[in-house]
Amino acid sequence: MPAFSIITRPMISIYDQQGLEALRSRTAVQPHRFKLFRNAFFKKGLGKEGALAVLPGAARSVFGREVGFQCLELSGRRDSETDGATKLGFQTLDGHLIESVILRVKTGRTALCISSQVGCVCKCGFCATGQLGFSRNLTYGEILDQVAQANRLLRAEGRTVRNVVLMGMGEPFQNLENVFQSLEVLQDATCFNLAGMRLMVSTVGIPDAMVQCAERFPCVQLALSLHSARQQVREKLMPLARKYNLDALHEAMAVIGRSRKVMVEYLMLEGVNDGDEDFQALENYLRDIPVHINIIPFNEFEGCGLKGTPHLARKAFADRLKDAGFNVTLRYSLGSDIAAACGQLVRRRMREGFA
Ligand code: SAH
């Protein structure tokens, strides 16, 4: 036995509610002070120093030592010159790059698109993240730190993140536990306090996980990246479609559709999924499900070998869907000049030797 044993406690994440509560109790911080502390960090976006400043002296140093306030380092920023998008590059403690996108929507609201994994295993043919390969899942702290850091940056503009979409790098439902834990903290009134309807999870389409998410989070929105209602075409674009076929997805959507509309993402690719047959298949497939269809322009990137459907043809496709009675949004592309599509910034930075 050594004469002295140095007890090093593992860091408690600022997003770990139980761990923080235990620390509060151990340091005898009054509940109202603790509330001020959380308010300073989450609502006012004051960061570590600002949050610690509201604690009594003795507790301040313990919290400063034992609480991990940040697990990502902001490593790059690109502001669009054509619209209100800002792409943020973050580095994890073990040196991986991930990205988030701030979207300043015309209505004055601010949305944030965040990543759930480093890379992705899905390898969808149109997605730059798939070409990076897969490294690892993000922890819930890393998922949430993207929101906290974006809020701190946005403070200077008098904005805060109002909507969070899990539409960045990765497949959220292949990182289920961390994503679910993040959704809890995003909704928690003492933390980010975002109503479920302001949160959206976008998936390549994993039926069981979609239903599980819908059951656990009755108000959180779900988006399905459908991109084709023809099994063969979808399989060509998205290899995972072989495992989770259109019939299984349809069943899952029918269940989810009982409590909310399902967002359906439809990326339009010239000569691939924009023809008459594609329209008919889509109309049939979605006819009996409450959906909102987003028609998305393709963000091209070097080496992908695909071309986006021109704007007029996209509009015509969207109008036909509207005429058939669907809710449709013809999405314009935010941030195409800053490589805002999934994985594009990280890909570019890797090629440029960015660290
Ligand atoms: N894995 C999840 C979330 C990440 S992708 C999913 O598949 O939904 C987020 C959205 O961006 C998806 O709808 C995806 O199909 C779309 N996307 C990926 N690459 C794109 C590109 N190059 N241009 C436009 N949209 C793209």
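How each quantity is defined
- Residues numbered from 1 in each chain as written.
- Predicted model: local features only at pLDDT ≥ 70, side-chain atom pairs only at ≥ 80, totals over all residues.
- Heavy atoms only, no water.
- Helix = DSSP H or I, 4+ residues; strand = E, 2+ residues; numbered from the N terminus.
- Buried < 20%, exposed > 50% of the residue type's maximum accessible area, 1.4 Å probe, protein only.
- Polar contact = N/O pair within 3.5 Å; in protein donor to acceptor, adjacent residues only side chain to side chain.
- Domains from an automatic or database assignment.
- Contact = heavy atoms within 4.5 Å.
- Buried area = accessible area lost by both parts, 1.4 Å probe.
- Salt bridge = Lys/Arg side-chain N within 4 Å of Asp/Glu carboxyl O.

## A short note on the side chain of Lys 87
No. 1: Take Lys 87: it is sitting in strand S4 (residues 85-92).
No. 2: Residue Lys 87 is classed as buried on the basis of its relative accessible area of 0%.
No. 3: Engagement of the side chain of Lys 87 in a polar contact is seen with the side chain of Glu 99, the distance being 3.2 Å.

## Some thoughts on the domain arrangement of the chain
No. 1: Looking at the assigned domains, one finds that the chain contains domain 1 (12-68) and domain 2 (72-350).
No. 2: When each unit is reduced to the centre of its C-alpha atoms, the spacing between domain 1 and domain 2 is 33 Å.
No. 3: In this assembly, twelve residues from domain 1 lie in contact with 14 residues from domain 2.
No. 4: Regarding the contact of domain 1 and domain 2, the summed buried area is about 1100 Å², with carbon and sulfur atoms giving 57% of it.
No. 5: Of all residues in domain 1, Tyr 15, Phe 42 and Lys 43 bury the most surface against domain 2, accounting for 53% of the area lost on that side.
No. 6: Across the domain 1-domain 2 interface, the total number found is zero salt bridges.
No. 7: Applying the counting rule to domain 1 against domain 2 returns four residue pairs in polar contact (both at pLDDT 80 or more).
No. 8: Here the element with the most residues in the side of domain 1 that touches domain 2 is helix H2 (residues 31-43); it accounts for four residues.

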